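# Working through the structure, step by step
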Amino acid sequence: MTPGPVEQEVLEIFRKVGALLEGHFLLTSGLHSPAYVQCARLLQYPHLAARVVVPLVEEFRSGDVEVVVGPALGAIPLVYELARQLGSRAIWAERVDGRLALRRSFAVGRNERVLVAEDVVTTGGSVREVLDLVRSVGAEVVGVAALVDRTGGRDPGFGVPFAAVLRLDLETYPPEACPLCLQGLPVEKPGSRLFTKSEQSGVEG
């Protein structure tokens, strides 16, 4: 599918700031890929973040969003900017004993209208954790917003409207069937170190 004008502009911004990387990468989902979207390279520029999230703000403005919630750490700048433009609160969930939880006195009220935000969605695992977390206290989820959708058209199973600024159909592979591993290419988790072949299958993002 050919990107529309807005997607094309966003894609050019990602390329300009070096947010689209090529190589052999371990994704947070545990999958491997020859491409990686490093949203932090874009979100380090507040003026670009403010510009890029506009389609998401327009998509969910009518939802009367009261709080934007996302998983730390990658989604924090996106959560903040979405909340700023929507006029709502911005909070995030952090891992405690391997599970996402609200800390720092953050809380979501019963029936509070929540927008869940994530920088990149591949399998949607982290988003579903946040959805479960806010639903467990009786909050009303109005949707999920992402900068990049890497699901390849698969239904991530959120059960609410899902909108992304940019949809990228990039290859992903389970570690045991990764052609890059078969070529002996070292795998990298951006922001971390290179992993040896024997370590690849046991690393989580």
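Up top you'll find the structure we're talking about.
Residues numbered from 1 in each chain as written. Predicted model: local features only at pLDDT ≥ 70, side-chain atom pairs only at ≥ 80, totals over all residues. Heavy atoms only, no water.

Looking at the element boundaries, Val-141 is found in strand 7 (residues 140-149). Beyond its immediate sequence surroundings of up to four residues, Val-141 is in contact with Val-114, Val-116, Leu-131, Val-134, Arg-135 and Val-160. (Helix = DSSP H or I, 4+ residues; strand = E, 2+ residues; numbered from the N terminus. Contact = heavy atoms within 4.5 Å.)

A word on the side chain of Asp-119. Here Asp-119 is to be found in strand 6 (residues 113-121). At 9.6 Å, Lys-189 is the nearest oppositely charged side chain to Asp-119, a buried residue that forms no salt bridge. In this view, Asp-119 contacts Cys-39, Gly-74, Ala-75, Leu-78, Ala-146, Leu-147 and Val-148; residues no more than four positions away in its chain are not counted. (Buried < 20%, exposed > 50% of the residue type's maximum accessible area, 1.4 Å probe, protein only. Lys, Arg positive; Asp, Glu negative; His and termini not counted. Salt bridge = Lys/Arg side-chain N within 4 Å of Asp/Glu carboxyl O.)

Once their charged atoms are close, side chains differing in charge can pair, the charge on each being opposite to the other. Tallied over the entire structure, the rule returns 9 salt bridges. The residue Glu-81 makes a salt bridge to Arg-84 at a minimum N-O spacing of 2.7 Å. Remark: Arg-84 and Glu-81 occur in helix 5 (residues 76-86); sequence separation between them is 3 residues, near one turn of the helix. For Glu-81, a relative accessible area of 8% translates into the label buried.

Attention now moves to the layout of surface pockets. Approximately 830 Å³ is the volume attributed to the largest pocket. Breaking the lining of the largest pocket down by element, the ones donating at least two residues are strand 2 (32-37), helix 2 (40-43), strand 6 and helix 6 (125-135). Top contributing element to the lining of the largest pocket by residue count: strand 6, with 4 residues. The class makeup of the residues in the lining of the largest pocket is 16 nonpolar, 11 polar and 6 charged. (1 Å grid on protein atoms, 1.4 Å probe; cavity = no way out; pocket = protein on both sides within 12 Å on 5 of 7 lines; lining within 4 Å. Points joined across faces, edges and corners; volume = space filled by probe spheres on them. Nonpolar A, V, L, I, M, F, W, Y, C, P; charged D, E, K, R; others polar.)

To continue, consider the sheet that holds strand 4 (residues 89-96). Here we have 6 strands laid out as an open sheet, ordered 5-4-3-6-7-8, and mixed in their pairing. Edge positions in the open sheet fall to strand 5 (99-102) and strand 8 (162-167), since each of these has one partner strand only. In this sheet, adjacent strand axes meet at a mean angle of 25° when their direction is disregarded. (Pairing = 2+ DSSP bridges. Axes fitted to C-alpha atoms, helices over the stretch in contact; angles between N-to-C directions.)

Listing the buried residues of helix 5 in full gives Ile-76, Leu-78, Val-79, Glu-81, Leu-82, Ala-83 and Leu-86. Positive backbone phi, approximately 70°, marks Gly-87, located one or two places after helix 5.

With 12 residues, helix 1 (residues 5-16) extends 16 Å between its outermost C-alpha atoms, agreeing within 8% with the 16 Å of an ideal straight helix rising 1.5 Å per residue. Inspection of helix 1 places Glu-7, Val-10, Leu-11, Ile-13 and Phe-14 among the buried residues, and these make up the whole buried set. Buried residues along helix 1 cover an arc of 160° about the axis, so they all sit on one side. Across from the buried face of helix 1, at angles greater than 90 degrees, the exposed residues are Pro-5 and Lys-16. Looking at the buried side of helix 1, the elements it contacts are strand 1 (20-26), strand 2, helix 2, helix 3 (46-52), strand 7 and strand 8. (Expected span 1.5 Å × (residues − 1). Arc of directions from axis to C-beta.)

The values reported here are purely geometric and, on their own, carry no functional implication.
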